[in-house]
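Close look at the chain arrangement
The lines below spell out each chain.
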2 protein chains.
Amino acid sequence: MACTIQKAEALDGTRVMQIIWHDEEESLYPAVWLRDNCPCSDCYLDSAKARKLLVEALDVNIGIKGLTFDRKKCQYWGSELQLPTLDFEDVLRYDEHAYKWLSTLKKVGIVRLTGASDKPGEVSKLGKRIGFLYLTFYGHTWQVQDKIDANNVAYTTGKLSFHTDYPALHHPPGVQLLHCIKQTVTGGDSEIVDGFNVCQKLKKNNPQAFQILSSTFVDFTDIGVDYCDFSVQSKHKIIELDDKGQVVRINFNNATRDTVFDVPVERVQPFYAALKEFIDLMNSEESKFTFKMNPGDVITFDNWRLLHGRRSYEAGTEISRHLEGAYADWDVVMSRLRILRQRVENGN
Amino acid sequence: MACTIQKAEALDGTRVMQIIWHDEEESLYPAVWLRDNCPCSDCYLDSAKARKLLVEALDVNIGIKGLTFDRKKCQYWGSELQLPTLDFEDVLRYDEHAYKWLSTLKKVGIVRLTGASDKPGEVSKLGKRIGFLYLTFYGHTWQVQDKIDANNVAYTTGKLSFHTDYPALHHPPGVQLLHCIKQTVTGGDSEIVDGFNVCQKLKKNNPQAFQILSSTFVDFTDIGVDYCDFSVQSKHKIIELDDKGQVVRINFNNATRDTVFDVPVERVQPFYAALKEFIDLMNSEESKFTFKMNPGDVITFDNWRLLHGRRSYEAGTEISRHLEGAYADWDVVMSRLRILRQRVENGN
């Protein structure tokens, strides 16, 4: 999930571009070679896989004016997000649209699909489109609505602060699908934040808080009855890094964070202080993106990267808001993405 | 999964037992206190939760003769294994037997259940007993037998060397269930080895090999069609350690190890040498345990800890050997174990 390029800079009086990859390796690209190999349609004939640009037209003393990241693997965002949106039926029907859906999901972390029905069953169709859904103790799919004796805080009308789903599992769901069947007028807006982006800010603003959250094991618990009875416990670092120090997953849900906290007593208060810094950064206006789902909308998002929340809404005698949700595993999603990429690129 | 006790030793002229826990913490237990608190039925009346041993009978100069590990969490084993065996129907029917099943599975890594039928459907009953099975691209359950154009080496009559199942997934199945429906007379014996035990030996005999296998990322791949079409790729360290350096999972299947091997060229030969050391240790007579499954037997084992294999058998015109298999997730198994423990201990 991590970005491949760590840093890009113009060196040697702008004549050379230096790339530092995420594994600290360095590559150097002379500006003249980059100009010579421009892949745009003015400079390159794709059907012939051949260069159109003439040496006559080449400025051999060309320099680099500026560098813009086109983060292929991972585009970080804040409140400026343009929510990527595709048509639900197109995604089911056409491989090009399904490929666009999953590749954008991987890159941006969220895609909204519009034009689904306002009946249950739509997330199951998406599960079939990918391969299959990820079954948990909450069932193959689950109904987010106000319930009596709710076995999960999501099944109330209360505010849900930023969280990832299901850190009580050691392998939390990679991708979440949420289909709006009914929407209330009195609140219930959705809030999302790019966890990887917020981690980057936290690491810069408060390296110590980042260090604490990426090294402290936190207990999560979830006990109840749904698909069957369950008693789940896990330990996770809230910010999970890979061997190279790149953030690969956020594990955080304040509702299921356990009372048990297995750390030396002197580390408790600094942990809470670090967590508050992280949450405050998420809640800052420039980090979060707010929108409201309409019946027929499905949001599909990276549950290892995004944190999501919901504004409270008024409880009534009738169910005024109803989402149907489901999970998919990243390995299953990536498998479908590989197959679609090959099919779309080979044009069959 | 890791053992809690790292080392136990008698100190101070045998008067004190020193325990080094897996987190490097030390505890000291005077021999006289241990003697005073012996929990056996001669020394302790369990119904009254009271000491029977008299001070008159206490040798205040008692020393420690020897120390034997009763690894509660994890009993390592080699060829001397006494294969834990329970009755299939008892496990389905009685909570005490189901608790014994799952707690032994956690501790020893394998339990054989006998007395199942010789018809498909028995592993699904165990899945229901736990909660639910772990669906993969090979289906809810899968049939291990000789198949034309096999999409997996398991579906042939050939020898299967020691492997864990499905390292091509980033979250390989935690627990494997294998039910023998039909068994051939001409081979097909099962071989198992305690991967955590072999790791401990490797670390002692060849620390460099251990270091290489616990730090090198290896690519795995699996492409084909079964439950649906799939194209799966992963990276794993063959010996996976937690933050404290304890082995938590073995990820190894030579059949699905990718041709792609993303390491600097000078590390390739040393990697193969380390891998061969590891495999040779597994194949040593003192490490492995060999047995033959009979129709109606189900073996249930820790796929993160054990490696398993099969001797080849003669192909015929008819199917001479047939196992039905399935997977379960450790979080689901541990959830059931917690619920059963509470029920059995509270006697309701």
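Let me sum up the structure you'll find in this document. Remember, it's a predicted structure, so these values are computed and weren't measured experimentally.

1. Remarks on the packing of helix α3 (residues 95-108) of chain A against helix α8 (residues 330-345) of chain A
Residue and element names in this part refer to chain A. Two elements in contact, α3 and α8, have axes separated by 9 Å at closest approach and are oriented at 135 degrees. When the axis of α3 is compared with that of α8, the two are oblique. Here the hand of the crossing between α3 and α8 comes out left-handed. Across the interface between the two elements, Asp95, Glu96, Ala98, Tyr99, Leu102, Ser103, Leu105 and Lys106 of α3 pack against Trp330, Val333, Met334, Arg336, Leu337, Leu340, Arg341, Arg343, Val344 and Glu345 of α8.

2. Digging into the environment of Val232 of chain A
Along the polypeptide, Val232 of chain A turns up in strand β13 (residues 229-237). We classify Val232 of chain A as buried; its relative accessible area is 1%. C-alpha separation for the pair Val232 of chain A and Thr221 of chain A, spaced 11 residues apart in sequence, amounts to 5.5 Å. Those residues in contact with Val232 of chain A, other than ones at most four positions away along the chain, are Phe137, Ala168, Leu169, Phe220, Thr221, Asp222 and Ile223 of chain A together with Ser335 and Arg338 of chain B.

3. Digging into the state of the cysteines
A full pass over the atoms with the stated rule returns 0 disulfides over all chains. With no disulfide of its own, Cys38 of chain A lies 3.7 Å from the sulfur of Cys40 of chain A, the closest cysteine sulfur.

4. Description of the pattern of salt bridges
Taken as a whole and assessed by the stated rule, the structure comprises 36 salt bridges over all chains. A salt bridge links Lys288 of chain B to Glu191 of chain B; the shortest N-O distance between them is 3.6 Å. Of this pair, Lys288 of chain B sits in strand β16 (residues 288-291) while Glu191 of chain B sits in strand β11 (residues 190-194); the two residues are 97 residues apart in sequence, bridging distant segments of the chain. A residue is classified by how much of its surface remains accessible, and Lys288 of chain B, at 12% relative accessible area, is buried. Among the charged side chains, a network of salt bridges with common partners joins Asp95, Arg129, Arg336 and Arg343 of chain A together with Asp229 of chain B.

5. A closer look at helix α7 (residues 268-283) of chain A
All names here are of chain A. For α7, which comprises 16 residues, the first-to-last C-alpha distance of 23 Å matches the rise-based estimate of 22 Å (1.5 Å per residue) to within 8%. Those residues of α7 that sit buried are Phe271, Ala274, Leu275, Phe278, Leu281 and Met282. Along the axis of α7, the buried residues cluster in a sector spanning 120 degrees; they form a single face. Residues of α7 that are exposed and point more than 90 degrees away from the buried face comprise Gln269 and Lys276.

6. As for the interface of chain A and chain B
At the junction of the two partners, chain A supplies 26 residues and chain B supplies 26 residues. The junction of chain A with chain B conceals about 2,200 Å² of combined surface from both sides, 55% of it contributed by carbon and sulfur atoms. Considering only the surface of chain A that becomes buried against chain B, Phe132, Asp331 and Arg338 of chain A emerge as the three largest contributors, covering 26% of it. Its salt-bridge partner being Arg336 of chain B, residue Asp229 of chain A comes within 2.7 Å of it at the nearest N-O pair. Between chain A and chain B we count 12 residue pairs in polar contact (both at pLDDT 80 or more) in total. For the side of chain A that touches chain B, the secondary-structure elements that each account for two or more residues are β13 and α8 of chain A. No other element matches the 7 residues that α8 of chain A contributes to the side of chain A that touches chain B. The residue inventory of the side of chain A that touches chain B, partitioned by class, reads 12 nonpolar, 7 polar and 7 charged.

7. Points about unusual backbone geometry
All names here are of chain B. Within the chain, Thr14 stands out as a residue other than glycine whose phi angle is a positive 70 degrees. If you trace the backbone, Thr14 turns up in the loop between β1 (5-11) and β2 (16-21). Residues other than glycine seldom take positive phi values, yet Tyr166 does so here, at roughly 65 degrees. Take Tyr166: it is sitting in the loop between β9 (160-163) and β10 (175-182).

8. Brief notes about the sheet that holds β2 of chain B
In any sheet, the strands associate via hydrogen bonds between backbone groups, in a parallel or an antiparallel arrangement. Residue and element names in this part refer to chain B. Taken in spatial order, the 3 strands make up an open sheet running β1-β2-β3, and their pairing is antiparallel. Of all strands in the sheet, those with a lone pairing partner are β1 and β3 (26-30), marking the two edges. The mean inter-strand angle of the sheet, taken between neighbouring strand axes irrespective of direction, is 20 degrees. Bridge count for β1 against β2 is 6 bridges, and the pairing is antiparallel. Its bridge partner lying in β2, Lys7 is registered against Ile20.

Basis of the calculations
Residues numbered from 1 in each chain as written. Chains lettered and ligands numbered in written order. Predicted model: local features only at pLDDT ≥ 70, side-chain atom pairs only at ≥ 80, totals over all residues. Heavy atoms only, no water. Axes fitted to C-alpha atoms, helices over the stretch in contact; angles between N-to-C directions. Helix = DSSP H or I, 4+ residues; strand = E, 2+ residues; numbered from the N terminus. Parallel < 35°, antiparallel > 145°, perpendicular 65-115°, else oblique. Left-handed = near helix turned anticlockwise from the far one by under 90°. Contact = heavy atoms within 4.5 Å. Buried < 20%, exposed > 50% of the residue type's maximum accessible area, 1.4 Å probe, protein only. Disulfide = S-S within 2.5 Å. Salt bridge = Lys/Arg side-chain N within 4 Å of Asp/Glu carboxyl O. Expected span 1.5 Å × (residues − 1). Arc of directions from axis to C-beta. Buried area = accessible area lost by both parts, 1.4 Å probe. Polar contact = N/O pair within 3.5 Å; in protein donor to acceptor, adjacent residues only side chain to side chain. Nonpolar A, V, L, I, M, F, W, Y, C, P; charged D, E, K, R; others polar. Pairing = 2+ DSSP bridges.

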